[in-house]
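# Structural overview
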Amino acid sequence: MGLKSIVLIVIFMMVLQGIAIAIVTRLNKEYFDGRPVSEYNLAINDLSKLKPYSALIIRSCYAAFLIEFFFAVNS
């Protein structure tokens, strides 16, 4: 498997993680609606109090997104 195909797989995984974040955020929109974007982390903290797995999905997708982004850039 060549480097280009690995980068394409990484980009595909990043897109899937973005979709997962969007779905979890939409399912829990009561925590995110009416808040400015600057308080997004506070909304995730509030979400983690009642729905810890939803917050874990969002946080782990963002963490993996950063790791994969740096991998794709450095390839």
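For the structure given in this document, a descriptive report is provided here. All values reported here derive from a predicted model rather than from experimental measurement.

What counts and what doesn't
Residues numbered from 1 in each chain as written. Predicted model: local features only at pLDDT ≥ 70, side-chain atom pairs only at ≥ 80, totals over all residues. Heavy atoms only, no water. Helix = DSSP H or I, 4+ residues; strand = E, 2+ residues; numbered from the N terminus. Rg over C-alpha atoms; globule rule 2.2 N^0.38 Å. Buried < 20%, exposed > 50% of the residue type's maximum accessible area, 1.4 Å probe, protein only. Contact = heavy atoms within 4.5 Å. Areas by Shrake-Rupley, 256 points an atom, 1.4 Å probe, with all protein chains shown as cover. Lys, Arg positive; Asp, Glu negative; His and termini not counted. Charge placed at Lys NZ, Arg CZ, Asp CG, Glu CD. Axes fitted to C-alpha atoms, helices over the stretch in contact; angles between N-to-C directions. Parallel < 35°, antiparallel > 145°, perpendicular 65-115°, else oblique. Phe/Tyr/Trp six-rings, centres within 6.5 Å; stacked < 30°, edge-to-face > 60°. Core = buried A, V, L, I, M, F, W, Y, C linked by side-chain atoms within 4.5 Å. Polar contact = N/O pair within 3.5 Å; in protein donor to acceptor, adjacent residues only side chain to side chain.

A few words now on the overall build of the protein. Scanning the protein for helices and strands turns up 4 helices and 0 strands. In terms of C-alpha radius of gyration, the protein reaches 15 Å, well past the compact-globule figure of 11 Å for 75 residues. With respect to the three principal axes, the spread of C-alpha positions in the protein is 45 × 20 × 15 Å. In the protein, buried positions account for 24% of the 75 residues. Considering only intrachain contacts with a sequence separation of at least 6, the fraction spanning at least 24 residues in the protein is 45%. A total of about 5400 Å² of accessible surface is found on the protein, and carbon and sulfur atoms cover 72% of it. Mean positive and mean negative side-chain charge positions of the protein (7 and 5 charges, respectively) differ by 4 Å.

Moving on, we come to the packing of helix H3 (residues 40-50) against helix H4 (residues 52-74). Where H3 contacts H4, the two axes come as close as 6 Å, and the packing angle between them is 140°. In terms of axis orientation, H3 runs oblique to H4. In this structure, H3 contributes Tyr40, Ile44, Asn45, Leu47, Ser48 and Leu50 to the contact, and H4 contributes Pro52, Ser54, Ala55, Ile58, Arg59 and Tyr62.

Moving on, we come to the packing of aromatic side chains. A full pass over the atoms with the stated rule returns 3 aromatic pairs. Ring centres of phenylalanine 32 and tyrosine 40 lie 5.3 Å apart, and the angle between their planes is 35°; on these two criteria the pair is classed as tilted. Under the relative-accessibility criterion, tyrosine 40 is labelled partly exposed at 25%.

The next point concerns the nonpolar core. In globular proteins that are soluble, nonpolar side chains generally tend to be buried together. By size, the foremost hydrophobic cluster in this structure holds 8 residues: Val24, Tyr31, Phe32, Ala43, Ile44, Leu47, Ala55 and Ile58. If one sorts the elements of this core by residue count, H3 sits on top with 3 residues. Apart from the residues lying within four places of it in its own chain, the contact partners of alanine 55 are Ile44, Leu47 and Ser48.

The topology assignment puts glutamate 68 in helix H4. Note on glutamate 68: relative accessible area 11%, which makes it buried. Here the alpha-carbon distance between glutamate 68 and valine 7, two residues 61 residues apart in the chain, equals 9.1 Å. Sequence-distant contacts of glutamate 68, that is, excluding residues within four places in its chain, are made with Val10, Met13, Met14 and Gln17. Engagement of the side chain of glutamate 68 in a polar contact is seen with the side chain of glutamine 17, the distance being 3.2 Å.

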